[in-house]
Amino acid sequence: MLDLDLLRSFVSVVDAGGFTRAGERVHRTQSTVSQQIRKLEESVGRPLLHRQGKGVAPTEEGERLLGYARRLLALSDEAEDALRRPDGLAVVRVGLGEDFAAARLTEALSGLARLRPGLRLDIRCDAGSSELRRAFGQGELDIAVIKRDAGIGTALASWPERLVWVASRRHGVPPDDTVPLVAYGQGCIYRARAIHALESAGRRWRIAFTGSNLPAVQAAIASGFGIGILVEHSLRDDLRILQPEEGYPPVPPSELAVMLQPGASPAVRMVAEQLAESCAEERPEAA
């Protein structure tokens, strides 16, 4: 059996890039950590690290072991966390926006709950990121997957999202001096970006349609109610991107961020990392 204590030191050495910094993380001396790595290598019968001066890098065998080591340590931490609770359950409160609570995210969370009998997920799906930000800021959520201005704060993981002006492919741009906007409700970052961009360009505007979710906004634009701002990868075949020469200036990108409360438990961190992995798989162009 693999010794979890040795695996923890191994992961720390790889993440820290050396024995000294790894020792600080696991509260051991450099020589003790070095001895633990040698003991682990002896137990698996393979060299796990390339020593490169003061630094280290995993060997091919070390890379293979690293993924298993992280999973074993996460499962151990989860079990310990669950047993400390009187009811034996680790409750994780997650907030997702309606427009990106996609099948991959919900399936990933559902599968995680089935594989972890000591885990109970409390999922909240909301129409806008503003309400999720408020709930997360007040401690009502352990994890929130939100859209926000790029680089405004820390996050477990984040991805840039290119915003574009969109019109109906069939109906085109409504012939109106006052731009008819299709948008989400108050507090939406896309709505604010659209209004700011039009006013900065000296264009008049009006709200023609307010949608509570992505399908509603997509359908309204496709039906010719007006134009709007969407993330580029959410375009449908019946929509087209408006170009700057048509009078619609480029819009600064937003970002999708996985937010995690400080001091999160191992169970919460595990769920957040699963969400981050699923988000990354849905956005290969941003990787």
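Residues numbered from 1 in each chain as written. Predicted model: local features only at pLDDT ≥ 70, side-chain atom pairs only at ≥ 80, totals over all residues. Heavy atoms only, no water.

> Quick question: what am I supposed to make of the packing of aromatic side chains here?
In this description, a pair of aromatic rings is defined by centroid distance and the angle of the planes. What the rule picks out here adds up to three aromatic pairs. Relative to Tyr248, the ring of Trp165 has its centre 5.4 Å away and its plane inclined at 50°; by these criteria the two rings are tilted. Here Trp165, found in strand S7 (residues 163–168), pairs with Tyr248, found in the loop between strand S11 (239–241) and strand S12 (254–260); they are 83 residues apart in sequence, far enough to count as distant. A residue is classified by how much of its surface remains accessible, and Trp165, at 2% relative accessible area, is buried. Since its relative accessible area comes to 4%, Tyr248 is described here as buried. Geometry around Tyr248 places Arg203 over its ring, the cationic atom sitting 5.1 Å from the centre. (Phe/Tyr/Trp six-rings, centres within 6.5 Å; stacked < 30°, edge-to-face > 60°. Helix = DSSP H or I, 4+ residues; strand = E, 2+ residues; numbered from the N terminus. Buried < 20%, exposed > 50% of the residue type's maximum accessible area, 1.4 Å probe, protein only. Lys NZ or Arg CZ within 6 Å of the ring centre and 35° of its normal.)

> Help me out: how do you make sense of the nonpolar core in this one?
Within soluble globular proteins, side chains that are nonpolar generally end up buried alongside one another. Counting residues in hydrophobic clusters, the biggest one holds 29 residues, and the most contacted among them are Trp165, Leu181, Tyr190 and Ile227. Going through the elements one at a time, S7, strand S8 (179–183), helix H7 (189–200), helix H8 (214–222) and strand S10 (228–231) are the ones with two or more residues in this core. The element best represented in this core is H7, accounting for six residues. With residues near it in sequence (within four places) discarded, Ile227 still touches Trp165, Val166, Ala167, Val173, Pro174, Val179, Pro180, Leu181, Val182, Ile221, Leu242 and Tyr248. Grouped together as the second largest cluster of nonpolar side chains are 23 residues, Leu119, Met270, Ala272 and Cys279 included. (Core = buried A, V, L, I, M, F, W, Y, C linked by side-chain atoms within 4.5 Å. Contact = heavy atoms within 4.5 Å.)

> Any chance you could explain empty space enclosed by the protein here in plain terms?
Over the atoms rolls a probe the size of a water molecule, and in doing so it shows where empty space is left. In the structure shown here, the tally under the stated rule is one cavity of 30 Å³ or more. Lining of the largest cavity is provided by Val182, Ala183, Tyr184, Cys188, Tyr190, Arg191, Ala194, Val217, Gly228 and Ile229. At the level of secondary structure, the elements contributing two or more residues to the lining of the largest cavity comprise S8, H7 and S10. Considering only residue class, the lining of the largest cavity consists of eight nonpolar, one polar and one charged. (1 Å grid on protein atoms, 1.4 Å probe; cavity = no way out; pocket = protein on both sides within 12 Å on 5 of 7 lines; lining within 4 Å. Points joined across faces, edges and corners; volume = space filled by probe spheres on them. Nonpolar A, V, L, I, M, F, W, Y, C, P; charged D, E, K, R; others polar.)

> It is not clear to me how the environment of Phe19 should be interpreted in this structure. Could you clarify?
In this structure, Phe19 sits in helix H2 (residues 19–26). Look at Phe19 and you get buried, because its relative accessible area is 10%. Taking the C-alpha atoms as reference points, Phe19 and Ser34, separated by 15 residues in sequence, lie 6.6 Å from one another. Residue contacts for Phe19: discarding those within four places in its chain leaves Val13, Gln30, Val33, Ser34, Ile37, Leu49, Arg51 and Val56.

> Looking at this structure, I do not really get the pattern of salt bridges. What am I missing?
Close approach of charged atoms allows side chains of opposite charge to pair. Taken as a whole and assessed by the stated rule, the structure comprises 12 salt bridges. Its salt-bridge partner being Glu60, residue Arg64 comes within 3.5 Å of it at the nearest N-O pair. With Arg64 and Glu60 both in helix H4 (residues 60–84) and four residues apart, the pair spans about one turn of that helix. In this structure, Arg240 engages Glu246 in a salt bridge whose closest nitrogen and oxygen atoms are separated by 3.0 Å. Under the relative-accessibility criterion, Arg240 is labelled partly exposed at 24%. (Salt bridge = Lys/Arg side-chain N within 4 Å of Asp/Glu carboxyl O.)

> Which parts of the structure should I look at to understand the sheet that holds strand S4 (residues 119–126)?
Strand order in the open sheet formed by five strands is S4-S3-S5-S12-S6, and the pairing between neighbours is mixed. At either margin of the open sheet sits one strand with a lone partner, and together these are S4 and strand S6 (157–161). Averaged over neighbouring strand pairs, the angle between their axes works out to 20° when direction is ignored. Bridging between strand S3 (residues 90–97) and S4 involves eight bridges; their strand directions are parallel. By the bridge assignment for S4, Val92 is matched with Leu121. Strands S3, S4, strand S5 (143–149) and S12 of the sheet are contacted by helix H6 (residues 129–137), whose axis makes an angle of about 125° with S5. Sitting on the sheet, H7 is in contact with S5, S6 and S12, with an inclination near 5° to S5. (Pairing = 2+ DSSP bridges. Axes fitted to C-alpha atoms, helices over the stretch in contact; angles between N-to-C directions.)

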